[in-house]
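Secondary and tertiary structure notes
So you can see what is in the structure, the chains are spelled out below.
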Amino acid sequence: MTGRSHTTEVLTNETFTVSSGRRGFRRALLINPPVYDAQYWARWSQPAGLLRVATLLKRKGYHVDLIDCMETDAKGNVPKGWRREANGTPMLLRRDDITKRIWHFGLTWEAFQHRLNSLEAPPHEVWITSIMTYWWESTRDAIALIRQTFPRAAIYVGGIYPTLAPEHARDNLRADVVFKGELAEASNLWTDLSLYETAPSYAILTTSRGCPWECHYCAARALNNGSNKVRARDPEDVLAEIEDKMLLGIRQFGFYEDNALVLRGHLQEVLELIIARKHRLNLYAPEGFETRMLTEELLRVMKKAGFQKVHLPFEALRWETNIGWNRRHSNTASFDQALAAAVRAGFKPRTQQINAFVLFGLPDEKLEDIMDSVLYVHHTVGSIIPMLFTPVPGTHIYQEQADYLHRERGWDLQDLNGKFLPFLEYNRRHYPGLRASDYLQMEALMSILNDGKFLSRAVDLCDESSASAAFRETLQLARVALT
Amino acid sequence: MLTDQNGLATLRTKDPEVKPILSAARHPEDLNPPDLLPEHGEQVLLIHPPVFDTRIHWPRWQQPLLLLELAAYCRTVGASAQLIDMLYHRSGVRLRRQRVSIIDLDGIKVNKWRFGLLKSALVNQLREMARSGYQPDKVYVECFTTFWWEGAAEVIDVVKERFPATQVILIGAYGSLAPEHARACTRADVIFSGAWPQIATLPTDLSLYEPHPSFAYISLGGAQRTAADIVDEIAWKHTHFQVQHFAFADSAIVERYANLYRSILELLVSRAVDVNFYALGNIAPSDLVAQPELAYLMRRAGYNQIFFSDDRNIAQNGYARAQLIEHYRLATDICIQAGFPARTQSLSASISLGRLGEDLAERASLATILAHHVGSVIFWPYQPSLSECPHIPLEEQNSKLFPLRNANGYLYRDYLNVMGLGAVLNSKYRTRTFDFLGDELIPRLFRDSIARHSWQPAEDVKGDLKLPMRVIPVVQR
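Residues numbered from 1 in each chain as written. Chains lettered and ligands numbered in written order. Predicted model: local features only at pLDDT ≥ 70, side-chain atom pairs only at ≥ 80, totals over all residues. Heavy atoms only, no water.

Scanning chain A from terminus to terminus reveals 17 helices and 21 strands. Expected size for 483 residues packed as a compact globule is a radius of gyration near 23 Å; at 23 Å, chain A falls within 12% of this value. When its C-alpha atoms are laid out on the principal axes, chain A stretches across 75 × 60 × 40 Å. The proportion of buried residues among the 483 residues of chain A is 60%. Here the analysis covers contacts within chain A between residues at least 6 apart in sequence; of these, 75% occur between residues at least 24 apart. For chain A, the computed accessible surface area is about 19,800 Å², with 49% contributed by carbon and sulfur atoms. Positive and negative side-chain charges of chain A, numbering 58 and 58 respectively, have mean locations separated by a distance of 3 Å. (Helix = DSSP H or I, 4+ residues; strand = E, 2+ residues; numbered from the N terminus. Rg over C-alpha atoms; globule rule 2.2 N^0.38 Å. Buried < 20%, exposed > 50% of the residue type's maximum accessible area, 1.4 Å probe, protein only. Contact = heavy atoms within 4.5 Å. Areas by Shrake-Rupley, 256 points an atom, 1.4 Å probe, with all protein chains shown as cover. Lys, Arg positive; Asp, Glu negative; His and termini not counted. Charge placed at Lys NZ, Arg CZ, Asp CG, Glu CD.)

Grouped together as the largest cluster of nonpolar side chains are 207 residues, with contacts concentrated most on A:W127, B:F248 and B:F436. Here B:F436 is in contact with A:L445, A:I448, A:L449, A:L461, A:F471, A:L475, B:V424, B:L425, B:P443, B:F446 and B:R447, once residues within four sequence places are set aside. Judged by nonpolar contacts, the second largest core, of 48 residues, contains A:F112, A:V126, A:A175 and A:W325. (Core = buried A, V, L, I, M, F, W, Y, C linked by side-chain atoms within 4.5 Å.)

Moving on to helix α13 (residues 367-380) of chain A. With 14 residues, α13(A) should cover 20 Å at 1.5 Å per step; its first-to-last C-alpha distance of 20 Å lies within 8% of that length. Where α13(A) is concerned, the buried positions are A:L367, A:D369, A:I370, A:M371, A:D372, A:S373, A:V374, A:L375, A:Y376, A:V377 and A:H378. (Expected span 1.5 Å × (residues − 1).)

What follows deals with the interface of chain B and chain A. Each partner contributes residues to the interface: chain B has 58 residues there, and chain A has 70 residues. Buried surface at the junction of chain B and chain A, both sides included, amounts to about 5,800 Å², of which 68% is carbon and sulfur. Linking chain B with chain A are 2 salt bridges, by the criterion used here. Seen at the junction of chain B and chain A, the total is 15 residue pairs in polar contact (both at pLDDT 80 or more). For the side of chain B that touches chain A, the secondary-structure elements that each account for two or more residues are α13 (360-374), α14 (412-426), β16 (428-429), β17 (432-433), α15 (441-451), α16 (459-462) and β18 (475-476) of chain B. In terms of residue count, α15(B) provides more of the side of chain B that touches chain A than any other element does, 10 residues in total. Within the side of chain B that touches chain A, the residues separate by chemical class into 33 nonpolar, 11 polar and 14 charged. (Buried area = accessible area lost by both parts, 1.4 Å probe. Salt bridge = Lys/Arg side-chain N within 4 Å of Asp/Glu carboxyl O. Polar contact = N/O pair within 3.5 Å; in protein donor to acceptor, adjacent residues only side chain to side chain. Nonpolar A, V, L, I, M, F, W, Y, C, P; charged D, E, K, R; others polar.)

You can see A:T474 is positioned in helix α17 (residues 466-482). Judged by relative accessible area, A:T474 falls into the buried class, the value being 7%. One polar contact links the side chain of A:T474 to the main-chain carbonyl oxygen of A:A470, over a distance of 2.6 Å. For A:T474, the contacting residues outside a window of four places in its chain are B:S365, B:T368, B:I369 and B:L437.

Next up on the list: the pairing of strand β15 (residues 252-255) of chain A. Residues and elements named next belong to chain A. The alternating pattern of β15 places Q252 and G254 on one face and F253 and F255 on the opposite face, and all of these are buried. Pairing geometry for strand β12 (residues 202-205) and β15, over 4 bridges, is parallel. From the neighbouring strand, A203 faces β15, where its bridge partner is F253. Sheet topology note: the β15/strand β16 (residues 282-284) ladder contains 3 bridges and is parallel. What sits directly across from G254, in β16, is Y284. (Pairing = 2+ DSSP bridges.)

Residues and elements named next belong to chain B. Across chain B, pLDDT averages 90, with 91% of residues at or above 70. Segment residues 1-30 is flagged for pLDDT under 50; beyond a separation of four residues in sequence, or across chains, it makes 116 contacts in the model. Two summary scores accompany this predicted model of the complex, namely pTM at 0.91 and ipTM at 0.94. (pLDDT = per-residue confidence, 0-100.)

Residues and elements named next belong to chain B. Applying the stated criterion to the full structure yields 55 salt bridges over all chains. The closest approach of N and O atoms between D229 and R225, which form a salt bridge, is 2.9 Å. Given a relative accessible area of 30%, D229 falls into the partly exposed group. Accessibility expressed as a relative area gives 4% for R225, which makes it buried. Here the residues in one salt-bridge network are D311, R321, R355, E362 and R363, joined through shared partners.

With that out of the way, let us pick up the packing of aromatic side chains. Each aromatic ring pair is summarised here by two numbers: the centre-to-centre distance and the angle between the ring planes. If you walk through the whole model with that rule in mind, you get 42 aromatic pairs over all chains. Look at B:F402 and B:Y412: their rings are 6.5 Å apart centre to centre, the planes differ by 45°, and that puts the pair in the tilted class. Remark: B:Y412 occurs in helix α14 and B:F402 occurs in the loop between β15 (377-381) and α14; sequence separation between them is 10 residues. Accessibility assignment for this pair places B:F402 and B:Y412 in one class, buried. Clustering of aromatic rings is evident, with ring pairs tying together B:F246, B:F248, B:Y261, B:F277 and B:Y303. Lying across the ring of A:W103, A:K80 places its NZ or CZ 4.0 Å from the centre. (Phe/Tyr/Trp six-rings, centres within 6.5 Å; stacked < 30°, edge-to-face > 60°. Lys NZ or Arg CZ within 6 Å of the ring centre and 35° of its normal.)

A few words on unusual backbone geometry. Note the cis peptide between B:E210 and B:P211, where omega equals 0°. Its location among the elements puts B:P211 in the loop between α7 (197-200) and β10 (215-218). The backbone of A:L455 shows a phi angle near 55°, a positive value even though the residue is not glycine. Relative to the elements of secondary structure, A:L455 occurs in the loop between β20 (453-454) and β21 (457-458).

Moving on, we come to the confidence of the model for chain A. Taken over all residues, the pLDDT of chain A has a mean of 96, while the share at 70 or more is 98%. The low-confidence segment residues 1-5 of chain A, where pLDDT is below 50, has 22 contacts with residues more than four positions distant or belonging to other chains.

Residue and element names in this part refer to chain B. With antiparallel pairing, the 3 strands of this open sheet are ordered in space as β3-β6-β5. Looking at which strands have only one partner, the edges of the open sheet turn out to be β3 (51-53) and β5 (97-105). Put simply, the sheet's adjacent strands are angled 15° from each other on average, direction ignored. As defined by bridge partners, β3 adjoins strand β6 (residues 108-115) across 3 bridges and the pair is classed as antiparallel. (Axes fitted to C-alpha atoms, helices over the stretch in contact; angles between N-to-C directions.)

With that out of the way, let us pick up the environment of A:H430. Looking at the secondary structure, you find A:H430 in the loop between α15 (424-427) and α16 (436-451). With 66 residues separating them along the chain, A:H430 and A:D364 place their C-alpha atoms 7.5 Å apart.

Here the focus is the sheet that holds strand β4 (residues 63-68) of chain A. All names here are of chain A. Strands sit in the order β1-β11-β10-β9-β2-β4 across an open sheet of 6 strands; the sheet is parallel. What marks the edges here is a single partner per strand, and that holds for β1 (9-11) and β4. Here the average twist between neighbouring strands, direction ignored, is 20°. When strand β2 (residues 27-32) meets β4, the two strands line up parallel, connected through 6 bridges. Across the sheet, residue N32 finds its bridge partner in β4, namely D68. Across the sheet, helix α2 (residues 109-117) touches β2 and β4, and the angle it forms with β4 is around 165°. In this fold helix α3 (residues 136-149) packs onto β2, β9 (125-129) and β10 (154-158), with an angle of close to 165° to the strand it touches most, β10.

For any two helices packed against each other, the geometry comes down to the angle between their axes and how far apart the axes lie. Residue and element names in this part refer to chain B. For the pair helix α9 (residues 253-271) and helix α11 (residues 292-301), interaxial distance at closest approach is 9 Å and the crossing angle is 45°. Taken together, the axis directions place α9 and α11 in an arrangement best described as oblique. As for the relative orientation of α9 and α11, their crossing is left-handed in sense. For the pair α9 and α11, the contacting residues are V254, Y261, R262, L265, E266, L268 and V269 in the first and E293, L294, L297, M298, R300 and A301 in the second. Tallied by class, residues from the contact of α9 with α11 come to 9 nonpolar, no polar and 4 charged. (Parallel < 35°, antiparallel > 145°, perpendicular 65-115°, else oblique. Left-handed = near helix turned anticlockwise from the far one by under 90°.)

Moving on, we get to helix α9 (residues 266-276) of chain A. An α-helical segment advances 3.6 residues per turn. Residues three or four places apart therefore align on the same side. Residues and elements named next belong to chain A. Three or more residues of α9 are buried, namely H266, L267, Q268, V270, L271, L273 and I274. Tucked into the core, α9 has its buried residues touching β13 (208-209), β14 (230-232), α8 (235-246), β15, β16 and α10 (296-305). Two residues or fewer after α9 comes K278, characterised by a positive phi angle close to 55°.

Bringing the pairing of β5(B) into the picture now. The pairing of β5(B) with β6(B) spans 8 bridges and is antiparallel. Paired with B:L105 across the strands is B:I108, a residue of β6(B).

All names here are of chain A. As a packed pair, α10 and helix α12 (residues 332-344) sit with axes 8 Å apart at the nearest point and diverge in direction by 45°. Comparing their axes, α12 and α10 come out oblique. In the crossing of α10 with α12, the sense of the turn from one axis to the other is right-handed. Note on element contacts: α12 touches α10 through A338, A341, A342 and R344, opposite E296, L299 and R300.

Printed below as a string of structure tokens:
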């Protein structure tokens, strides 16, 4: 693509072409912008899509520069400072009875400007990745700064946010191009980590895309252009990518997939190649696996290949809740089966080798059910990962609630951050006294149950020991007394 | 002062209830306490031995108070002192440990470690000293607690190998409480316990440490010292050694020295000495109920944390228990009003664990209730007296092994479970512990869920394993 327009175009893979030429014929600057949020987890947050685009652009002859504002230091931390209001005061988000400080994570704008000024030559094109839909404001601010610095450069924005909310991105970012969906040419390419001065300690792998299921809270279908097709890379190519990254000293890999196991045998094939090559790796899949597909055989292969942890999408205890989310392929019975298989395969419960997600913060949720889920996971697994729900454009729940969220509440996308509890007032229809601090306390409870470790194992308050029984009995006596 | 609990500094010979005991292993005929003190012109070596134990709690709080007072005494009489503190380690550096054995506790295997400077390092250090012409006239070895005797025995052996003619004097609780054992199991020339009035009122000498520790114990010297003297010591240590953290070493400080303690706090406040204090088990909740103004003074004087004294001396009956809970409730209210933040572990209730005749369910229940009132709770493993477990080897009388467990009809695992409950009750989210007995919605939901036994749901709640299989529409590579 050459030239730039004054108005923002929304383009897709079908309407967009990456130009090519002799080596260095154009300069592209790739940017992962800072993040405004109350919290940020730097682990596994590499801008993998942008780094695949880097590979593509290099192949097309571009000179590529990268500014990853979210690059971590040696300890894995991202710099953070206050996000400030226009008058300079620290930005605070007051939500019911809680107040959250809003941070600017990543390079400061001054440091970002300095990096822009330090480039060898101005770029012809600036490619920006924009990930979470509720982070769009920092993308907007990055674009303003880039436009000021490089007025002649064309600015392209891609990623999850523009894919899920292209009109919003078009109307708010002032980019030249909002790219919706996948850039097919880059989809299966390797991430280019050579652009980092210091090689990262880990790499993200995407070996397959697509999911046949359509859970009401999940955006995978929308991110795959409405398709339920599942596509996978050649396992040999995945292995080659791993070995290439091992040359940089990387031994930790995170699999980021829509549904890694639904294509039966695919992941296992990749892992068996790793085992056959006797690579000593630490593998992770922080987004979890479909429990129905986690067989003991696969889990043993995972363990042997270097998986350190297993993440299980428990989500909710009651099968009706799962059905209500159109999650027909998974329930607690299949979770139990996967958990038992994981334990037999050598993953230890109560040590964070096995972890389970519990979803909360959804509209119409039953808090009693969430608490039951928490206790169940506490007892069976010991490590609960709290997942506060964010209504993401493109999901069924978002579509159902868009009127409420935008028209009734008057919120924009940045307000829908799960951490800001977008369904707090909604859920007061069932729980009139519900406060924001109750959600915070629910999260606190999960964290405390995880951290309550003794001799490296999470204590089980629901086991048969006399201590736990006495604890429960004391709670019951208090309950009766209060009643 | 905490006595023999959790590896914290323990019984101090200056405590008035401890009767002087003088016991000579080699030359019993003409020794008396003053003869054992350093004398003018003498070279004195002070050694704090390594610790043999399954765990060592709060290693940086292990400071050999008696040795450091002896060091101060050396200055006053013109003797020269050198200190080898085998437990001393720089801040941020993990205390070195070596596994020495594996103990089987009712089927549970527990590692026993040797914590501290390596034996070979001590041997080398003494060799270097001897090579440079150093010949100590007296060597003092302080052993805090009876079940740590192995460290003292090891050190004394090493000293005796290098300096066979030097008089080795064992001081501290081990020799005091188990002199016969010490006589039989160590090569100390003298096993000494008792009060040295000459040193009781001296401030400890931290100058022998390099780098200087950030923590120091302060002793009231059996109330023989003045408040001004004590506050001067604190200010001096803060100014000259950059000591920031202090604890008073005296047990039951309010009960025994209320007036002096109050005067010290008032002076600290008026002089605005900017240091932090920690109460390590020498203040009872009832002290603050009886004298609530003390809590305000303590806070203003710089107290950061109060670990209340445990209930080992309180009768195991319902009335005493109810009174204890009420004292904790009131004391916590007072402390919070005085400015101690709630549920942040600035206040910790202490529960004795391991007494003869105890009911572990009662202990767990008490912990749950006290964690509700106070915010956090610590179990202090009960150290039985020698007479309570005469048939158990000294090193196995370690409170952390709960030596009376079988007599109580419990297994070691049962005690671990109670300690584990404490870990959950003290677990924090963003600096605050969770109140399982709180009135808010989430604790109520938690209790309701417990009542429903939700961790054991009926199978029909979980759903059917016969889940729909979906044909993958298109698969391409």
